[in-house]
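# Structural overview for review
Residue-level listing of the chains:
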Amino acid sequence: MEELAQAAVPADELAPLLARVRAYNPNADLELIRRVYDFSARVHGEQKRVSGEPYVTHPLNVAMIAAELKLDVASIVAALLHDVVEDTATPLEEVRARFGDEVAQLVDGLTKVSKITFQSHAEKQAENFRKMIIAMSRDIRVVLIKLADRLHNMRTLESLPPDRQQEISRETIEIYAPIAHRLGIYWLKSELEDHAFRYLNPSSYSTLKAFVAKTRKEREEYIRDVIAILSRRLEESGVKAEVTGRPKHFFSIHSKMQELALSFDQIYDLVAFRIIVATVRECYEALGVVHANWKPVPGRFKDYIALPKANMYQSLHSTLIGPRGQRMEVQIRTREMHEVAEEGIAAHWSYKEGARAKEIKDTERFAWLRRLIEWQQNLKDPQEFLSTVKDDLFPEEVFVFTPKGDVLDFPQGATIIDFAYRIHSQVGAHLSGARVNGRMVPLRYRMRSGDTVEVITSERQTPGKDWANFCVTARAKSRIRQWLRTQQAERSREMGLQLLERELEPLHLSVAQLRSAKRLEPVLKEFSQRDIDSLLAAIGYGIVTPGQVLAKTLNPDELKLYREGKAAPPAPAVPARERAEKAARKAASGAVVVSGIGDVLVRFARCCSPLPGEAITGFITRGRGVTVHVASCQHALNTDPQRRVPVVWKDGEEAPRPIRLEVLCIDQPGLLAAMTKTIASAGVNISTAEVKTRGSDGRALSIFEVSISSARQLNMLMNAIGAIDGVMRVSRIGYQSASRDE
């Protein structure tokens, strides 16, 4: 091997990393880390980050975060090398030859998807996430390093343009922060959320930051007082404990304000207190002391010691009315529980554990990961996989019992349908009823922690179309959709067969005759169908017309007879409303290009009203052509993936479209005038405006219908309205009358 050149960054830059690794792993191979750092600095050479810094500072900082997670040397090395295969001319085999198989496999798992051509950014994001999950299943360290990579990117996001900041922040808050939560690394989750919040809602972030800074002195005094009182009361009761207090992070405060529609001055519990004791028995003793001194808030106590979370998090949580009448949250745990709570799964995957994930004996802590792997194997559509995983990364869980006493965990809001599909797919498919705690309940019953659930099945029962609306787990949704797709495909095939038979009847031909003569096979490729049954199903769906198929199948004489017998009748008079709808569809057809389907009607979904510049997806609707949704629209995500088609905006298309904005604000004089003035100043026309005051809490809700030409114009307008003093929230909403495009 050639000698390594001088590192692009001085070697003393490496000292903090080596010190941090040595602190928790005295036997670490620090010389290997030095060699890898030098190699990374050399191959990245003169590469710069957007900020102008040498590129090697990024992998170095990622390695520092990995060391903060106390990962093993192989993980630190992989963090230093995580971009060399993708961003330099270094092949993976060279990494393997220099640093071994284990490091090479970690680097390979971390290398981004770059050699696959995707039809859209949304599909690339979905497929990239799927690849990460697969790599994670092979070695959990991959996702830990990936999270470290994302955290450093979020810390240095200010150098990127605003559109990239928003895009990366949205992906962070939808995917990476929930994964960090699932892994139990709460400090990392909180920091990811705060950085994303800063870029996704800059006005609310800066206002909240200013408010928290203004009350800092008072809050610090309150923390000191409560810690002193708690420490004294625990000592008097004979409980040895360490008591700390910490402010809640910005995104957590913002989420609570949004959820409860509170203003800044109504948020009191900005602080959480933590009591760390030696044993589980002392946890409950400390809880008794706390409850004896302050009144607990009903329904705000959770025992995660008796029923740990899926990521093995354990603690007692209680919200109380503390000193000065303010709410405060108290968490009580042992030192070992605290280590797991701080480091999450990394506490079980530190340098002490050795090599690979398969060596972890306690497989229960990876149960949720196994479910992710199962979903990615069953869901072939990357975007459907992404949406179902998002649905299942819930922060809260409920724990229910089977009749045999086994404990199962579910996301908050899970129903009897989720329970049945968790037991077995066939149990779910034939679910007809259920008893909870011995009492009959409907299938849409939302389970509560402590429920004992017994399901009843019947061979005659099959999934209903609305079942997917009453469940929240990815497993249940995917199984229901799979069953409905199978049934729908069969019905569509029968319908397509009937339609084609009807067209062939005047020619004294049948589909069976065309099949036996193998006259349909040559046109399959023309219509992108794998076999004749799928072609018939496409006719039944309305993707392909019988006339299109026959035009490619019949010989000239048959085609002449077919056309002579199909003279078009005179067009009936079209009502004015239908003419208007047809004009709107024509305008939509001119704005959007549908991949793989020619001469098709296109209309925009009213549930999300897509705008030029937004990622979009198409959905084939029976008899109504293609309906275009925003790619993230929940209605679109719930549709059958087989009926989705790729769509893109035509270049330069910016026709104004009606959009509804909902503004929650303080009810004060002049605020409505300020909002309408801001909208007018942005060059946006207001079609309708509706204002409702809520006298009980001093707030007002305004709904504006405005004409917007692009996603960029909408974002600028929403930011401008959100910056008005007194405005608490600006959100885009759909039309309540919008129908589901089934």
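Predicted, not measured: the structure shown is a model, and the values here were computed from it.

Moving on to the overall build of the chain. Helices and strands together make up the secondary structure of the chain, namely 30 helices and 20 strands. Counting the 742 residues in the chain, one finds 51% classified as buried. The contacts of the chain with a sequence gap of at least 6 include a subset with a gap of at least 24, amounting to 67%.

Read from one edge of the open sheet, four strands run 12-14-13-15, paired in mixed fashion. A single partner strand is all that each edge strand has here, and the edge strands are strand 12 (602-604) and strand 15 (644-645). Alignment of strand 13 (residues 616-621) against strand 15, held across two bridges, turns out to be antiparallel. Its bridge partner being in strand 15, Gly618 is matched across the sheet by Val645.

For the rest of this paragraph, the subject is the packing of aromatic side chains. How two aromatic rings sit relative to each other is given by the distance of their centres and the angle of their planes. Applying the stated criterion across every chain yields a total of eight aromatic pairs. For the pair Phe197 and Tyr205, a centre-to-centre distance of 5.6 Å together with 80° between the ring planes defines the contact as edge-to-face. The exposure class assigned to Phe197 is buried, which follows from its relative accessible area of 2%. Over the aromatic face of Phe410 sits the side chain of Arg422, whose NZ or CZ is 5.1 Å from the ring centroid.

Okay, the pattern of salt bridges next. Going through the model one piece at a time under the given rule, you end up with 21 salt bridges. Ionic pairing is found between Arg493 and Asp533, a salt bridge with its closest N-O pair at 3.8 Å. One end of the pair, Arg493, is in helix 21 (residues 474-504); the other, Asp533, is in helix 24 (residues 532-541), with 40 residues separating them in the sequence. When its relative accessible area of 18% is taken as the criterion, Arg493 is described as buried. Overall, Asp533 belongs to the partly exposed group, its relative accessible area being 34%. As a salt-bridge pair, Asp531 and Arg530 come within 3.8 Å of each other at their nearest N and O atoms. One continuous salt-bridge network, built from bridges that share partners, spans Arg493, Glu494, Arg515 and Asp533.

Let us now look at the nonpolar core. Leu17, Val21, Ile33, Ile76, Leu81 and Leu192 are the most contacted members of the largest nonpolar core, which has 63 residues in total. If we skip the residues at most four places from it in the chain, Ile33 touches Leu14, Leu17, Leu18, Val21, Val73, Ile76, Val77 and Leu80.

Moving on to the sheet that holds strand 10 (residues 453-457). Strand pairing in a sheet takes place through backbone hydrogen bonds and is either antiparallel or parallel in direction. The strand order across the open sheet formed by three strands is 9-8-10, and the pairing between neighbours is antiparallel. The open sheet terminates on both sides in strands that have one partner only, identified here as strand 9 (439-441) and strand 10. The mean inter-strand angle of the sheet, taken between neighbouring strand axes irrespective of direction, is 35°. In this sheet, strand 10 lies alongside strand 8 (residues 431-436) in antiparallel orientation, the contact comprising five bridges. Each residue of the ladder has a partner; that of Arg435, found in strand 10, is Glu454.

Glancing now at helix 3 (residues 57-68). Helix length check: helix 3, at twelve residues, gives a terminal C-alpha distance of 17 Å against a target of 16 Å (1.5 Å per residue), a fit within 8%. Burial analysis of helix 3 places ten of its twelve residues in the buried class, which makes it a mostly covered element. For helix 3, the set of buried residues is Thr57, His58, Pro59, Leu60, Val62, Ala63, Met64, Ile65, Ala66 and Ala67. In this fold, the buried residues of helix 3 make contact with helix 1 (15-24), helix 2 (30-44), helix 4 (73-81), helix 9 (141-155) and helix 11 (186-200). With its phi angle positive at about 60°, Lys70 sits one or two positions after the end of helix 3.

Bringing unusual backbone geometry into the picture now. Although it is not a glycine, Lys518 sits at a positive phi angle of roughly 55°. Tracing the chain through its elements places Lys518 in the loop between helix 22 (511-516) and helix 23 (521-524). Here Ser609, not a glycine, exhibits a phi torsion of approximately 45°, which is positive. Relative to the helices and strands, Ser609 resides in the loop between strand 12 and strand 13.

This paragraph deals with the environment of Ala23. Note on placement: Ala23 falls in helix 1. Spatially, the C-alpha atom of Ala23 lies 9.5 Å from that of Lys70, the residues being 47 residues apart in sequence.

What follows deals with the state of the cysteines. Taken as a whole and judged by the stated rule, the model has zero disulfides. No disulfide involves Cys607; its sulfur sits 3.6 Å from the nearest other cysteine sulfur, which is in Cys633. We classify Cys607 as buried; its relative accessible area is 16%. Cys608 carries a free sulfur, and the closest cysteine sulfur to it, the one in Cys633, is 3.9 Å from it.

Let's shift gears to the confidence of the model for the chain. Chain-level pLDDT for the chain is 77 on average; 77% of the residues reach the 70-or-more range. Mean pLDDT values over the elements of the chain span from 49, in helix 27 (residues 576-591), up to 92, in helix 19 (residues 416-423). Taken as a whole, residues 112-120 scores under 50 in pLDDT and shows 14 contacts with residues more than four places along the chain or in a different chain. Low pLDDT (under 50) marks residues 737-742, which in the prediction has 18 contacts with non-local residues, meaning those over four places away or in another chain.

Attention now goes to helix 7 (residues 101-110). For helix 7, the complete set of buried residues consists of Val103, Ala104, Leu106, Val107 and Leu110. Down the axis of helix 7, the sector holding all buried residues measures 160°, keeping them to one side. Against helix 4, helix 5 (84-87), helix 6 (92-99) and helix 9 lie the buried residues of helix 7.

Rules behind the numbers
Residues numbered from 1 in each chain as written. Predicted model: local features only at pLDDT ≥ 70, side-chain atom pairs only at ≥ 80, totals over all residues. Heavy atoms only, no water. Helix = DSSP H or I, 4+ residues; strand = E, 2+ residues; numbered from the N terminus. Buried < 20%, exposed > 50% of the residue type's maximum accessible area, 1.4 Å probe, protein only. Contact = heavy atoms within 4.5 Å. Pairing = 2+ DSSP bridges. Phe/Tyr/Trp six-rings, centres within 6.5 Å; stacked < 30°, edge-to-face > 60°. Lys NZ or Arg CZ within 6 Å of the ring centre and 35° of its normal. Salt bridge = Lys/Arg side-chain N within 4 Å of Asp/Glu carboxyl O. Core = buried A, V, L, I, M, F, W, Y, C linked by side-chain atoms within 4.5 Å. Axes fitted to C-alpha atoms, helices over the stretch in contact; angles between N-to-C directions. Expected span 1.5 Å × (residues − 1). Disulfide = S-S within 2.5 Å. pLDDT = per-residue confidence, 0-100. Arc of directions from axis to C-beta.

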